Amino acid sequence: RTSLGWRDNVLLSPFAPMERAFGRAEVEAFVSRKRNDWHLLAFVNGDVLRYFSPPPETAGEQQWFGHGEVRWQHWPAWRAALKADAFLQDAVIDLSDTEAVRTIAPTRVRGAFATAAARVQLPAGFTLEPLVQVKRTDYREFPGDYDETKTGARLEWKHGEAFGFSAAWFEHRRGYAERQHYTAGGRERAGTRLHFWQRTGEVKATTGWALGGRWNAAVTAGRLENRDRSSGFFDYDQKRARLELTWQRTRWKIAFDGEAKRMDYLVQTVGAGTAPPARMADSFETSLQVDREITDAWTLFAQHRWERSRANETGFSYRANTVLAGGQRNF
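Summary of the structure given here. (Residues numbered from 1 in each chain as written. Predicted model: local features only at pLDDT ≥ 70, side-chain atom pairs only at ≥ 80, totals over all residues. Heavy atoms only, no water.)

A separate point is a nonpolar patch on the surface. On the surface, a cluster of nonpolar side chains totalling about 370 Å² of accessible area is made up of V219, L243, I254, F256 and L288. Relative to the assigned elements, L288 resides in strand β14 (residues 278–293). (Patch = residues over 30% accessible without salt bridge, like charges linked within 9 Å, V, L, I, M, F, W, Y side chains within 5 Å. Areas by Shrake-Rupley, 256 points an atom, 1.4 Å probe, with all protein chains shown as cover. Salt bridge = Lys/Arg side-chain N within 4 Å of Asp/Glu carboxyl O. Helix = DSSP H or I, 4+ residues; strand = E, 2+ residues; numbered from the N terminus.)

Shown next, in the form of C-alpha cells:
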C-alpha cells in the first residue's frame, strides 16, 4: 500500500503548527497453517512515512509490528492459545497522560509481550475469554521504560450477526525502571521507583444489517482507573466512548472510527492560588476512509484523520489533521 498525503501539525504543537507533505508505504504479510488440533498464525506489518521537506526534529515516522500465535483446539467448545508480539514505533508521541509535565516529542519505543489465552463456549450463546499477559516497553532518549502484567477476561454473547454484546475487566501492574514517585505537591521523591496499578472495564455492543449494502456498527464505553499507590500525584480516572461504523457494497467500502476520552486527575492541579482547579484533559480522534476495489488485486483509497487534545492547562491543547490518498496491491 502506498499513498501521498499532508499533515497540518507535524509536532502536535499548541502554538505554532508546522505542516508538511509526505509519502507513505505500508506492507503486511500473513500466514496461516492448520494440522490436526493445531493452528499456527503469524503476520508482520510495517508503516513508513517520510516528509518531503522534513523539519529538524523528525524525518518522518515508522511503525512495525510482528505477531505469532499457536492455537490448540481438540474440543469445539474449548481453545487455548500462546501468543508472542513485538513492536517498534518511531513517531511524535504524546505522553502527557502519565507525565508531570507536557511531554510530546519525537522518540522511538520498542517492546514485546507474551500472552496466554483461552476461549470457552458456555451455554446460551456465551463465550468466555480469560488471558494473562506480560509486556516490556523500552524508550529511546526518554526514561519511560517499564514492565507490565495484565490479567482479566472478556465475556461475550452473540445472536448471529444481528447483535452481539461483550463485557471485559482487566487489571494492569506497571513498574518503571527509572522514573520516581512524586509528592502530592509535584516534587520527585529520591530513591523511589514509580509503579502504576490500573483497572479497566469495558462494555461493547455490535450489530449488523443489510440496507443498500452491508452495514456493521460497534459502540464501546469504557473506564480506566490509574493509581500510583503513593501520594496519588499520578492518579486519574479516564472515561472513553468509541463508535465504529462500516458500509460495504460490491467494490465500495466506507469506514468511520471515532473515539472520545476524558481524563480527570485526582491530585494534580492547574494554576496557582488557595484552591486551584484539578487538572483535566479531553482527547478526540476520528478517521474516515473510503476504499474502491478496482480489481481483485488493486484498490484505491482515501483517508482523513482528525485529532484534538484539549485541557485546562496552557500548552496541553492541540489539533492535527492528516489527509492521504493512494493505492493498494494484494498478492
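That covers the picture; the talk isn't over yet.
Looking now at the pairing of strand β4 (residues 60–75). Of the strand pairs in this sheet, strand β3 (residues 38–51) and β4 are connected by 13 bridges, and their pairing is antiparallel. Residue A42 lies in a different strand from β4, and its bridge partner there is G68. Sheet topology places β4 next to strand β5 (residues 78–94); 12 bridges connect them, and they run antiparallel. The partner of R71 across the bridge, within β5, is A81. Linkage of β4 to β5, two consecutive antiparallel strands, is achieved through a turn of two residues. (Pairing = 2+ DSSP bridges.)

This part covers unusual backbone geometry. The backbone of L12 shows a phi angle near 50°, a positive value even though the residue is not glycine. In this structure, L12 sits in the loop between β1 (2–7) and β2 (20–35). With a phi close to 45°, T250 is a non-glycine residue in the positive phi region. Here T250 lies in the loop between β12 (236–249) and β13 (252–269).

This paragraph deals with the nonpolar core. With 15 residues, the main nonpolar core has Y139 and F234 as its most contacted residues. The set of elements that each furnish at least two residues to this core consists of β5 and β6 (104–121). Examining the composition of this core, we find that three residues originate from one element, β5, more than from any other. (Core = buried A, V, L, I, M, F, W, Y, C linked by side-chain atoms within 4.5 Å. Buried < 20%, exposed > 50% of the residue type's maximum accessible area, 1.4 Å probe, protein only.)

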